[in-house]
Amino acid sequence: MSRLDSFIRRVTAQRDVLNHISDTVRELPGPVLELGLGNGRTYDHLRERFPDRRIIAFDRASHAYKASTPDPENMIIGEIRETAQSFTGIDAALVHADIGTGYPDQDAITQTWLPQLAAGLLARHGIVASGLALDHPALELLPLPASVKPGRYFLYRRR
Ligand code: SAM
């Protein structure tokens, strides 16, 4: 598979997963957290799906498309491992984490801290959608929509 094909499948999976969990998330109070703003494409999709929800985005730098850049109070700049710690207990309805790199050694390091962080950010029964698997006893694996191949994206609910 070319990298272009792989990219198309990844962003299609993101869209399908975010659409799949939208109704569930709407029934939960609490903010939405976007870990890895990047270009702001998924942030923009989250805004469209959850127009009345506070959405807080995190990235080590602000380099999103201008119209997809959050207001300063909802844009947290720095290393997520550190900046998101102070949001522990915020009781998020949804955490979306798109911070995989495609480099297994780097992603393995992220997977040492991201599961605990995500679990601490979520409300009870809150949802996390992640490009990386999150192994944590408080996170229960949920089925993906039928269009998404297992292993391409991961969905969990906070117990
Ligand atoms: N979902 C985004 C979109 O649709 O535009 C793309 C996200 S991009 C793949 C990943 C982003 O996460 C990059 O902008 C990168 O700077 C950021 N990132 C990755 N790991 C990070 C970390 N540990 N701390 C802060 N930012 C990080």
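Keep in mind that this is a model prediction, so the values were computed, not measured.

(A) Local environment of a nonpolar patch on the surface. Judged by side-chain polarity, Leu-4, Phe-7 and Ile-8 come together as a nonpolar surface patch covering roughly 290 Å² of accessible area. With respect to the secondary-structure elements, Ile-8 resides in helix α1 (residues 3–26). Accessibility expressed as a relative area gives 42% for Ile-8, which makes it partly exposed.

(B) Local environment of the environment of Ile-80. Within the secondary structure, Ile-80 sits in helix α3 (residues 80–83). Along the sequence, Ile-80 and Arg-26 sit 54 residues apart, while their C-alpha atoms lie 25 Å from each other. Excluding residues within four positions of it along the chain, Ile-80 makes contact with Leu-35, Gly-36, Phe-58, Gln-85, Ile-99, Trp-113 and Leu-117.

(C) Fine view of the site of the ligand. Neighbouring residues of the ligand: 16 residues in total, closest Thr-42, Asp-59, His-63, Ile-80 and Asp-98. At a separation of 3.4 Å, a nitrogen atom of the ligand approaches a polar side-chain atom of Glu-79. Computed on the free molecule, the ligand has an accessible area of 600 Å², of which 84% lies beneath the protein chains in the complex. Taken atom by atom, the bulk of the ligand overlaps the largest pocket. Grouping the amino acids of the shell around the ligand by side-chain chemistry returns four nonpolar, seven polar and five charged.

(D) Looking closely at the packing of aromatic side chains. Overall, the coordinates contain one aromatic pair when judged by the stated rule. Relative to Phe-87, the ring of Phe-58 lies with its centre 5.2 Å away and its plane at 85°, an arrangement referred to as edge-to-face. With Phe-58 in strand β2 (residues 55–59) and Phe-87 in the loop between α3 and β4 (92–97), this pair connects stretches of sequence that are 29 residues apart.

(E) Seen up close, the layout of surface pockets. Considered as a void within the structure, the largest pocket measures approximately 760 Å³ in volume. Lining the largest pocket we find 29 residues, and of these Gly-36, Gly-38, Asp-98, Ile-99 and Gly-100 sit closest to its centre. Counting only elements with at least two residues in the lining of the largest pocket, the list comes to α1, α2 (41–49), α3 and α4 (104–121). No other element matches α1, which puts six residues into the lining of the largest pocket. When its volume is computed, the second largest pocket comes out at roughly 510 Å³. Considering the residues around the second largest pocket, the lining is formed by 14 residues, among which Ser-6, Arg-10, Gly-100, Thr-101 and Gly-102 are closest to the centre. With four residues, the top contributor of residues to the lining of the second largest pocket is α1. Counted by class, the lining of the second largest pocket contains three nonpolar, six polar and five charged residues.

(F) Structural view of the pattern of salt bridges. What the rule picks out here adds up to six salt bridges. With a closest N to O distance of 3.0 Å, Asp-98 and Arg-10 form a salt bridge. Separated by 88 residues along the polypeptide, Asp-98 in the loop between β4 and α4 and Arg-10 in helix α1 bring together distant segments of the chain. Classification of Arg-10 as partly exposed rests on a relative accessible area of 32%. Across the salt bridge formed by Arg-157 and Glu-140, the nearest N and O atoms sit 3.5 Å from each other. Taken together, the positions of Arg-157 in strand β7 (residues 154–158) and Glu-140 in strand β6 (residues 139–141) put the pair 17 residues apart, joining distant regions of the chain. A relative accessible area of 27% means that Glu-140 is categorised as partly exposed.

The rules we used
The residue numbers shown here count from 1 along each chain, following its written sequence. Given that the model is predicted, a residue must reach a pLDDT of at least 70 before its local features are reported, and side-chain atom pairs must reach 80 or more before they are shown or counted; all residues, however, enter totals for whole chains, interfaces and linings. Water and hydrogen atoms play no part in the side-chain values, which are based on all heavy atoms of the structure. Here the term patch refers to residues with relative accessible area over 30% and no salt bridge, with like charges joined within 9 Å and nonpolar side chains (Val, Leu, Ile, Met, Phe, Trp, Tyr) within 5 Å. Under the convention used here, a 1.4 Å probe and the Shrake-Rupley method define accessible areas, while residue burial counts only the protein chains that appear. We count a salt bridge whenever a side-chain nitrogen from Lys or Arg sits within 4 Å of a carboxyl oxygen from Asp or Glu. Strands here are runs of E lasting at least two residues and helices are runs of H or I lasting at least four, both read from the DSSP assignment and numbered beginning at the N terminus. Residue exposure (1.4 Å probe, protein chains only): buried if accessible area is under 20% of the type maximum, exposed if over 50%, otherwise partly exposed. By definition, residues are in contact when any of their heavy atoms lie within 4.5 Å. Any residue with a non-hydrogen atom lying within 4 Å of a molecule or strand is treated as near it. For the purposes of these results, a polar contact is taken to be a pair of N or O atoms within 3.5 Å, where, inside protein, one atom must be able to donate a hydrogen and its partner to accept one; residues adjacent in sequence count only when each atom of the pair is a side-chain atom. The rule is simple: put a 1 Å grid over the protein atoms alone, call a set of points where a 1.4 Å probe fits but cannot get out a cavity, call an open set with protein on both sides within 12 Å along at least five of seven lines a pocket, and count a residue as lining if it has an atom within 4 Å of a point. Here the criterion for a molecule occupying a pocket or cavity is that more than half of its atoms lie within 2 Å of the pocket grid points. Residue polarity is assigned by list, with Asp, Glu, Lys and Arg as charged and Ala, Val, Leu, Ile, Met, Phe, Trp, Tyr, Cys and Pro as nonpolar; anything else, Gly included, falls into the polar class. In summary, the pairing rule links any two rings of Phe, Tyr or Trp, Trp by its six-membered ring, whose centres are within 6.5 Å, and it sorts them by plane angle into stacked for under 30 degrees, edge-to-face for over 60 and tilted for everything else. Grid points are joined across faces, edges and corners, and a volume is the space filled by probe spheres set on the points.

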